[in-house]
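This is what each chain is made of:
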Amino acid sequence: MLEIKNLNVSYGMVNALKGINLKVNDGEIVTIIGANGAGKSTTLMTISGILKPKKGYIKFDDVDITKKPAQNIVDMGICQVPEGRRIFANMTVMENLEMGAYLRKDKMVKSDMEKVFNLFPRLKERHKQIAGTLSGGEQQMLAIGRALMSKPKVLLLDEPSMGLAPIVVQDIFKTIKNINEDGTTILLVEQNAKMALSIADRAYVLETGNISLEGAASVLKDDERVKKSYLGG
Amino acid sequence: MKTFIEQLINGLSLGSIYALIALGYTMVYGIMKLINFAHGDIYMVGAFTGFFASTYFHLGFIPSLLLAMLVSLLLGVTIERVAYRPLRNKSKISILITAIGVSLLLENGGIIILSPQVRTYPQIFKQHMYSFFNGIITISNQQIVIFVVSIIMMVGLQIIIYKTKMGKAMRAVSTDADAAKLMGVNVDRTVSFTFAIGSALAAVAGVLVGIYYNSIDPLMGIMPGLKAFIAAVLGGIGIIPGAMVGGLLMGVIEALVSGYGSSLYRDGVSFAILIIILLIKPTGLFGKNVREKV
Ligand SMILES: Nc1ncnc2c1ncn2[C@@H]1O[C@H](COP(=O)(O)OP(=O)(O)OP(=O)(O)O)[C@@H](O)[C@H]1O
Ligand SMILES: [Mg+2]
């Protein structure tokens, strides 16, 4: 449902993506792993329409979205949980969730908020709290909940495990798996390759702007190169 | 005691006007980190629109006020669209210099089109004093109009910002514009809306000043613009309640200094107080030290 061809993105003179190809099929969890500065966030920001590529295209359900403004892309069903969460720190938990539903005009917003609260009961207890005062893990839950409020067909997740304790990371990954089982396709960017490969169907390895390896997650998990570079030997 | 209360009321009237102007500075700063130097001139255009509406078209107070708000709103939105938007991703300094340019254009354009002469505002409300508690408190009907209109505007603004979708989008964009985009917010439209509201509030201030002081001229925006900007910084730039309190405080300080000292020292003393407050609290009265959680 998401198809990326020959994508080139640069920041001034820095070429961050040098012609990557990537595909996400309906219902999958696909992960992109790679070291710092590989271009993972750049890929997601380009899909979301925040960055514009120099070359190449991105298609969503066979529609070219490369030149569309960010709000149209959200409206079509692609929503991102950005790196570092980027919740609206001085708004309440509830208002953050409402921002996720910004473009929706249907009557299901309230019941979808209940669904998010079921997924993250911690957020329900704190729905009036100012988001900036939440703990790191709670902020990550809020960032995911906020994106879910847009009712995405594809959820883009940028390093949801960043800065979280191992036990919290496990919870978050379990939730991601559940979200996928409920019918949302997922493109997950991670440095925690072990966790990412354990829940993904397929994976891409990104190295300084190029895709160096791709394949089924179960296969890449046992690949010697992946083990050596990303799974700690 | 009588002088004190009298000056306090004068100060609050003047301060309400500063606060209305300061709100525009602070909202625009909050959303695009720009000091809109042309804001004082948008206030001047509002005052003149109200003047023409009531003098030549014989419109009443409320229609004149609404017309002034509309004209300033269109002017503010146009300035953002034409002068600032193309520079939004360029350096901060180029957009700041553009703002100064727009301000000079409006001031000198005003002198050419409107002539530099000072105009006398029509007496929309014939002055009448009310006194309470054996004359300890006296207040004019014009001051009452200023208070009532300012309160309506500020309450209205709070409702827009905290209760409407557009207001939430404004707050979201001012915290993190790209994150707001990721939620589907149209940032350009949100910025336009912010300029619209800020400019309309400046027009209200312009009309109220005309009624209160009776005289207007094309350069009338410079000094109140500067003071309102300082009021916004005093309250904590980018923070809306800060602009309200900062404006009122600025007005009261000015009135008390004029009442007890001399109006010659008025500006000097108010600026000195400002410097002292900022030395103690650099982020302004309502400012928080920016603290980020990773
Ligand atoms: N705003 C920017 N201006 C200039 N260069 C940038 C900018 N953002 C990213 N880059 C560069 O682009 C390259 C890819 O960055 P990107 O953020 O996509 O990496 P990443 O894979 O997400 O890394 P990390 O795991 O650290 O988040 C890096 O070399 C980075 O320095
Ligand atoms: Mg990144």
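Right above here is the structure, for reference.
Sequence order as written defines residue numbering, which begins from 1 separately in each chain. A letter from A marks each chain and a number from 1 marks each ligand, given out in the order of writing. Residue-level local features of this predicted model are given only where pLDDT is at least 70; pairs of side-chain atoms are given and counted only at 80 or more, and the full residue set underlies all totals for whole chains, interfaces and linings. Only heavy atoms go into the side-chain values, all of them from the structure, while hydrogens and water stay out.

Novice: Would you mind going over the sheet that holds strand E2 (residues 14–24) of chain A in detail, with residue names and values included?
Specialist: Residues and elements named next belong to chain A. Sheet architecture is open: four strands sit in the order E2-E1-E4-E5, paired in antiparallel fashion. Strands at the two margins of the open sheet, each flanked by one partner only, are E2 and strand E5 (63–64). As paired elements, strand E1 (residues 2–11) and strand E4 (residues 55–60) share five bridges and run antiparallel to each other. Looking at E4, one finds that asparagine 8 is bridged to lysine 55. Two strands form a pair only when DSSP identifies at least two bridges running between them. Here a strand is any run of E in DSSP of at least two residues, a helix any run of H or I of at least four, and the numbering for each starts at the N terminus.

Novice: Account for the interface of chain B and chain A, with residues named and values stated.
Specialist: Throughout, a residue-residue contact means that at least one pair of heavy atoms, one from each residue, lies within 4.5 Å. Contacts between the two partners involve 20 residues from chain B, matched on the other side by 29 residues from chain A. By convention in these notes, a salt bridge is any Lys or Arg side-chain nitrogen within 4 Å of a carboxyl oxygen on Asp or Glu. Scanning the region where chain B abuts chain A turns up three salt bridges. Note that glutamate 98 of chain A and lysine 168 of chain B form a salt bridge whose closest N and O atoms lie 2.9 Å from each other. N or O atoms closer than or at 3.5 Å make up a polar contact, with two conditions inside protein: a donor-capable atom paired with an acceptor-capable one, and, for residues adjacent in sequence, both atoms drawn from side chains. At the junction of chain B and chain A, the tally comes to five residue pairs in polar contact (both at pLDDT 80 or more).

Novice: Describe the coordination of the magnesium ion (ligand 2), with residues and values.
Specialist: Residues and elements named next belong to chain A. Donors, by definition, are the N, O and S atoms found within 2.8 Å of a metal, the threshold being 3.2 Å for Na, K and Ca, and water is not counted, so a site can look incomplete. Binding of the magnesium ion (ligand 2) to the protein goes through Ser41 (OG) and Glu83 (OE), at separations of 1.9 Å. Separated by 42 residues along the polypeptide, serine 41 in helix H1 (residues 40–47) and glutamate 83 in the loop between strand E6 (78–81) and helix H3 (93–100) bring together distant segments of the chain. The partly exposed category is assigned to serine 41, whose relative accessible area is 22%. The buried label applies to any residue whose accessible area, calculated with a 1.4 Å probe on protein chains only, is under 20% of its type's maximum; exposed applies above 50%, and partly exposed to all values in between.

Novice: Lay out the layout of surface pockets in plain terms, naming residues and giving numbers.
Specialist: When its volume is computed, the second largest pocket comes out at roughly 650 Å³. Taken together, 29 residues make up the lining of the second largest pocket; nearest its centre are Arg88, Asn89, Ala177, Lys181 and Val187 of chain B. Elements supplying a minimum of two residues to the lining of the second largest pocket: helix H2 (70–76) of chain A together with helix H1 (2–32), helix H4 (92–114), helix H6 (165–175), helix H7 (177–182) and helix H8 (187–213) of chain B. Of the residues assigned to the lining of the second largest pocket, the class counts are 13 nonpolar, seven polar and nine charged. Put simply, the grid is 1 Å and covers the protein atoms alone, a cavity is a trapped set of points that fit a 1.4 Å probe, a pocket is an open set with protein on both sides within 12 Å along at least five of seven lines, and lining residues have an atom within 4 Å of a point. Grid points are joined across faces, edges and corners, and a volume is the space filled by probe spheres set on the points. Following the grouping adopted for this structure description, the nonpolar residues are Ala, Val, Leu, Ile, Met, Phe, Trp, Tyr, Cys and Pro, the charged ones are Asp, Glu, Lys and Arg, and the polar ones are all others, Gly among them.

Novice: Give a detailed account of unusual backbone geometry, specifying residues and quantitative values.
Specialist: Note on backbone geometry: most residues besides glycine have negative phi, and most peptide bonds are trans. Residue and element names in this part refer to chain B. Residues other than glycine seldom take positive phi values, yet serine 115 does so here, at roughly 70°. Topologically, serine 115 is positioned in the loop between H4 and strand E1 (119–120). Owing to a relative accessible area of 22%, serine 115 belongs among the partly exposed residues under this scheme. The phi angle at asparagine 134 is positive, at roughly 55°, despite the residue not being glycine. Tracing the sequence through the fold places asparagine 134 in the loop between strand E2 (129–132) and strand E3 (137–140). When its relative accessible area of 85% is taken as the criterion, asparagine 134 is described as exposed.

Novice: Describe the site of ligand 1, naming the residues involved and giving the relevant values.
Specialist: Residue and element names in this part refer to chain A. The rule for a residue being near a molecule or strand is that one of its heavy atoms must lie within 4 Å of it. In the region of ligand 1, 13 residues are neighbours, and Asn36, Lys40, Ser41, Thr42 and Glu83 sit closest. Threonine 42 has a polar side-chain atom sitting 2.4 Å from an oxygen atom of ligand 1. Side-chain polar atom of glutamine 191 to an oxygen atom of ligand 1: 2.9 Å apart, as the coordinates give it. In this description, accessible areas are obtained by the Shrake-Rupley approach with a 1.4 Å probe, and a residue is regarded as covered only by the protein chains that are shown. Out of a free accessible area of 630 Å², ligand 1 has 62% covered by protein chains. Per element, the largest residue contribution to the shell around ligand 1 is three residues, and it comes from H1. Tallied by class, the residues present in the shell around ligand 1 amount to four nonpolar, six polar and three charged.

Novice: Please give an account of the environment of glycine 100 of chain A that cites residues and values.
Specialist: Assignment of secondary structure puts glycine 100 of chain A in helix H3. You can call glycine 100 of chain A buried: its relative accessible area is 2%. Distance in space between the C-alpha atoms of glycine 100 of chain A and leucine 148 of chain A is 7.2 Å, their sequence separation being 48 residues. Ignoring sequence-local partners within four residues, the contact set of glycine 100 of chain A consists of Arg146, Met149 and Ser150 of chain A together with Met183 of chain B.

Novice: Report on the packing of aromatic side chains, specifying residues and quantitative values.
Specialist: To describe a pair of aromatic rings, one takes the distance between the centres and the angle between the planes. Geometry of aromatic contacts follows a simple scheme: Phe, Tyr and Trp rings, the Trp one being its six-membered ring, pair when their centres are within 6.5 Å, and the pair is stacked under 30 degrees between planes, edge-to-face over 60, tilted otherwise. For the coordinates displayed, the defined rule picks out ten aromatic pairs over all chains. Ring geometry for phenylalanine 48 of chain B and phenylalanine 52 of chain B: centres 6.2 Å apart, planes at 35°, overall tilted. Placement of the pair is phenylalanine 48 of chain B and phenylalanine 52 of chain B together in helix H2 (residues 39–55), with a separation of four residues, close to one helical turn. When the ring of phenylalanine 51 of chain B is compared with that of phenylalanine 52 of chain B, the centres are 5.3 Å apart and the planes differ by 70°; the resulting orientation is edge-to-face. A cation over an aromatic ring shows up here: lysine 165 of chain B above the ring of tyrosine 102 of chain A, its NZ or CZ 5.4 Å from the ring centre. A ring is considered to have a charge above it if a Lys NZ or an Arg CZ atom is located within 6 Å of its centre and within 35 degrees of its normal.

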